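Residue-level listing of the chains:
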Amino acid sequence: MSTLLQATTLDKSYGPIRVLRGVSLDIAAGESHVVIGPNGAGKTTLFKVLTGELYADRGQVLFQGADLTRMPAHQRVHRGFGRTFQVAKVFTKLSVQDNLRVALEAGARRGNPFGRVPAARAAAFDAAIAALLDDTGFTAQREAVAGTLAYGDRKRLELAMVLALEPAVLFLDEPTAGMSAAERQASVRLLQEVKRRRGLAMLMTEHDMEVVFGLADRISVLHHGELIASGSPEEIRADARVQEVYLGDEGAGHA
Ligand SMILES: Nc1ncnc2c1ncn2[C@@H]1O[C@H](COP(=O)(O)OP(=O)(O)OP(=O)(O)O)[C@@H](O)[C@H]1O
């Protein structure tokens, strides 16, 4: 598989605290890559450096061959980065389908809030909304007001809004945090289905091991800001160091 995103030797400190130490990681086209590690290992910081919310002190982020190391997050979105947040960002007073329309319009304006949506694109929105509703299981709830949705459904709507921007790579920061067990299972099924239908590459951080092993093609493990292992789920399960620092007894609380 071809490499979509490649990060090399990333360092990041907050004042005197070194949080990322020479982290190198890549995402292949169509791959789901999950970053795991104990609390405080640096996962969110790595995520932010990749999405452009923070810049690395050292190292490089290449995407489709272009150097984005110093490119701000909103410009990375125009390059094909899709991002969900731990607290779902949806318009609570609008219906599900109108949330999707807003996302499609924003994508069509390409970040210029005063820009006009080209007429040809606006005409295609109804079909795009129908496809997004179907892909994310919202067809029956298309008229529902977003603010009345259950927590897991809001997260699902947020995902649908990100998909409206047709990203090449999806960044998911703890996508199942705060969900019930049933919502988590539904979320795994949805992400598997989105991946199958849209062939999207994904990078996610996640604490729930059922979710991690249910979704990952590849897992990377951060410990004190260093990448200590990267490989298939089977390789990571069998890795003695990972067992010791995260998956073993000591890390059982994370599972
Ligand atoms: N803005 C900040 N200023 C100073 N220190 C920070 C800041 N953000 C994070 N840290 C520290 O950096 C370290 C790594 O934090 P980070 O949030 O990246 O870890 P994490 O692996 O995502 O943790 P968790 O699993 O708890 O979300 C922690 O020690 C944290 O306290």
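Check the entry above for the structure.
Rules and cut-offs
- Residues numbered from 1 in each chain as written.
- Predicted model: local features only at pLDDT ≥ 70, side-chain atom pairs only at ≥ 80, totals over all residues.
- Heavy atoms only, no water.
- Near = heavy atom within 4 Å.
- Polar contact = N/O pair within 3.5 Å; in protein donor to acceptor, adjacent residues only side chain to side chain.
- Areas by Shrake-Rupley, 256 points an atom, 1.4 Å probe, with all protein chains shown as cover.
- Helix = DSSP H or I, 4+ residues; strand = E, 2+ residues; numbered from the N terminus.
- Nonpolar A, V, L, I, M, F, W, Y, C, P; charged D, E, K, R; others polar.
- Buried < 20%, exposed > 50% of the residue type's maximum accessible area, 1.4 Å probe, protein only.
- Contact = heavy atoms within 4.5 Å.
- 1 Å grid on protein atoms, 1.4 Å probe; cavity = no way out; pocket = protein on both sides within 12 Å on 5 of 7 lines; lining within 4 Å.
- Points joined across faces, edges and corners; volume = space filled by probe spheres on them.

J.: Just give me the short version of the site of the ligand, but keep the residues and values in it.
T.: Around the ligand sit Tyr14, Val19, Pro38, Asn39, Gly40, Ala41, Gly42, Lys43, Thr44, Thr45 and His207, and that is every residue in its neighbourhood. Between an oxygen atom of the ligand and a side-chain N or O atom of Asn39, the distance comes to 3.0 Å. Between an oxygen atom of the ligand and a main-chain N or O atom of Ala41, the distance comes to 3.1 Å. Coverage of the ligand by the protein amounts to 58% of the 640 Å² it exposes when considered alone. If one sorts the elements of the shell around the ligand by residue count, helix H1 (residues 43–51) sits on top with 3 residues. When grouped by side-chain class, the residues that make up the shell around the ligand number 4 nonpolar, 6 polar and 1 charged.

J.: Any chance you could break down the side chain of His33 for me, citing the residues and the numbers?
T.: Among the secondary structure elements, His33 is positioned in strand S3 (residues 32–36). Residue His33 is classed as buried on the basis of its relative accessible area of 0%. A distance of 2.9 Å separates the side chain of His33 from the backbone oxygen of Asp26, its partner in a polar contact. If we skip the residues at most four places from it in the chain, His33 touches Leu25, Asp26, Met202, Leu203, Met204, Arg218, Ile219, Ser220 and Ser230.

J.: Give me the lowdown on the layout of surface pockets, citing residues and values where you can.
T.: Space inside the largest pocket adds up to approximately 890 Å³. What lines the largest pocket is a set of 34 residues, and nearest its centre among them are Val77, Ala103, Ala106, Gly107 and Leu165. Looking at the lining of the largest pocket, the elements that each hand over two or more residues are helix H2 (73–79), strand S6 (81–84), helix H3 (96–109), helix H4 (119–135) and helix H5 (151–163). Counting residues per element, the lining of the largest pocket draws most heavily on H3, at 7 residues.

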